[in-house]
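Below are the chains, spelled out letter by letter.
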Amino acid sequence: MARAGWFSPAALVLVIGGGAVGVAARALLVVPLTVGSAVHPLAVPAVTLGINLVGSLLLGVIIGWLDDRHPLGRLFLGTGVMGGFTTYSAFAVQSVTTASASPFVGLALVAVSLFGGALAAAAGLAVGRRIVDRPGEVESPEEAE
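Residues numbered from 1 in each chain as written. Predicted model: local features only at pLDDT ≥ 70, side-chain atom pairs only at ≥ 80, totals over all residues. Heavy atoms only, no water.

Draft legend 1. Here's a closer look at the overall build of the protein chain. Tallying secondary structure elements over the protein chain gives six helices and zero strands in all. Listing every helix and strand of the protein chain by position from the N terminus yields α-α-α-α-α-α. Within the protein chain, the proportion of its 145 residues that are buried is 28%. Long-range contacts, defined here as pairs at least 24 residues apart, represent 70% of the contacts in the protein chain between residues at least 6 apart. As displayed, the protein chain has an accessible area near 9,000 Å², and 73% of this comes from carbon and sulfur atoms. (Helix = DSSP H or I, 4+ residues; strand = E, 2+ residues; numbered from the N terminus. Buried < 20%, exposed > 50% of the residue type's maximum accessible area, 1.4 Å probe, protein only. Contact = heavy atoms within 4.5 Å. Areas by Shrake-Rupley, 256 points an atom, 1.4 Å probe, with all protein chains shown as cover.)

Draft legend 2. How the structure looks around the environment of Gly-78. In this structure, Gly-78 sits in helix H3 (residues 71–85). Among the residues examined, Gly-78 registers a relative accessible area of 6% and is labelled buried. Residues Gly-78 and Ile-62 lie 16 residues apart in sequence; the distance between their C-alpha atoms is 6.4 Å.

Draft legend 3. Spotlight on the nonpolar core. Counting eight residues, the largest nonpolar core consists of Val-30, Val-44, Ile-51, Ile-62, Leu-66, Val-81, Met-82 and Phe-85. Contributing elements (two or more residues each) for this core: helix H2 (43–66) and H3. Top element by residues in this core is H2. It accounts for four residues. With residues near it in sequence (within four places) discarded, Val-81 still touches Gly-18, Gly-19, Val-21, Gly-22 and Phe-76. (Core = buried A, V, L, I, M, F, W, Y, C linked by side-chain atoms within 4.5 Å.)

Draft legend 4. Focus on a nonpolar patch on the surface. On the surface, a cluster of nonpolar side chains totalling about 540 Å² of accessible area is made up of Trp-6, Phe-7, Leu-12 and Ile-16. We classify Phe-7 as partly exposed; its relative accessible area is 48%. (Patch = residues over 30% accessible without salt bridge, like charges linked within 9 Å, V, L, I, M, F, W, Y side chains within 5 Å. Salt bridge = Lys/Arg side-chain N within 4 Å of Asp/Glu carboxyl O.)

Draft legend 5. Spotlight on H3. Relative to the 21 Å expected for 15 residues at 1.5 Å per residue, H3 spans 19 Å between its end C-alpha atoms, a close match to the ideal helical length. Listed in full, the buried residues belonging to H3 are Gly-78, Gly-80, Val-81, Met-82, Gly-84 and Phe-85. Where H3 is buried, its residues meet helix H1 (9–34) and H2. (Expected span 1.5 Å × (residues − 1).)

Draft legend 6. Structural detail: the environment of Val-54. With respect to the helices, strands and loops of the structure, Val-54 is situated in helix H2. Between the C-alpha atom of Val-54 and that of Met-82, which follows or precedes it by 28 residues, the distance is 9.5 Å.

Draft legend 7. Spotlight on the environment of Ala-120. Mapped onto the secondary structure, Ala-120 falls in helix H5 (residues 103–131). Spatially, the C-alpha atoms of Ala-120 and Gly-60 are 7.6 Å apart, while their sequence positions differ by 60 residues. When neighbours within four sequence positions are excluded, Ala-120 is seen to be in contact with Leu-53, Ser-56 and Leu-57.

Draft legend 8. Seen up close, H1. Between its terminal C-alpha atoms H1 stretches 36 Å, which fits the 38 Å expected from 26 residues at 1.5 Å a residue. Where H1 is concerned, the buried positions are Ala-11, Gly-18, Gly-19, Gly-22 and Val-30. On its buried face, H1 sits against H2 and H3.

Draft legend 9. Structural context of unusual backbone geometry. At Asp-67, a residue that is not glycine, the phi angle is positive and equals roughly 50°. Since its relative accessible area comes to 16%, Asp-67 is described here as buried.

Draft legend 10. Local environment of the packing of H2 against H5. It is the contact of H2 with H5, at a shortest axis distance of 6 Å, that shows an interaxial angle of 30°. Judged by the inter-axis angle, H2 sits roughly parallel to H5. Classified by chirality, the crossing of H5 by H2 is right-handed. When its residues are assigned to classes, the contact of H2 with H5 shows 15 nonpolar, eight polar and one charged. (Axes fitted to C-alpha atoms, helices over the stretch in contact; angles between N-to-C directions. Parallel < 35°, antiparallel > 145°, perpendicular 65-115°, else oblique. Left-handed = near helix turned anticlockwise from the far one by under 90°. Nonpolar A, V, L, I, M, F, W, Y, C, P; charged D, E, K, R; others polar.)

Below, the structure written as structure tokens:
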């Protein structure tokens, strides 16, 4: 696919709109946990972990399903929605905060986030490819650009 230019206003609008949807979905899950004083200190890190694992799985499904056939759909759903839904910055801050209070729990949080996210993405990619009946197809690095 030839690239006409490095900037596309339509792509930018899709990513921003998708990001807003993803951030709103994450906020619906996290914000209620921050209200009130009887919240367990691991509640928000646990929900963030769940969000990131589910987001990794869904991103894999989106990429496997849409592939290169729908680049604007990938931008909206993948980069936008899943990029806004998952959050590396919250994961990083919560990992450091949790590890300073309990090093073992903090290390477990990091390990599950990283390895679980990679496994979830791989599983999602397999599911997405099965949706379009392309289970064994793997794109080369040149094609992925």
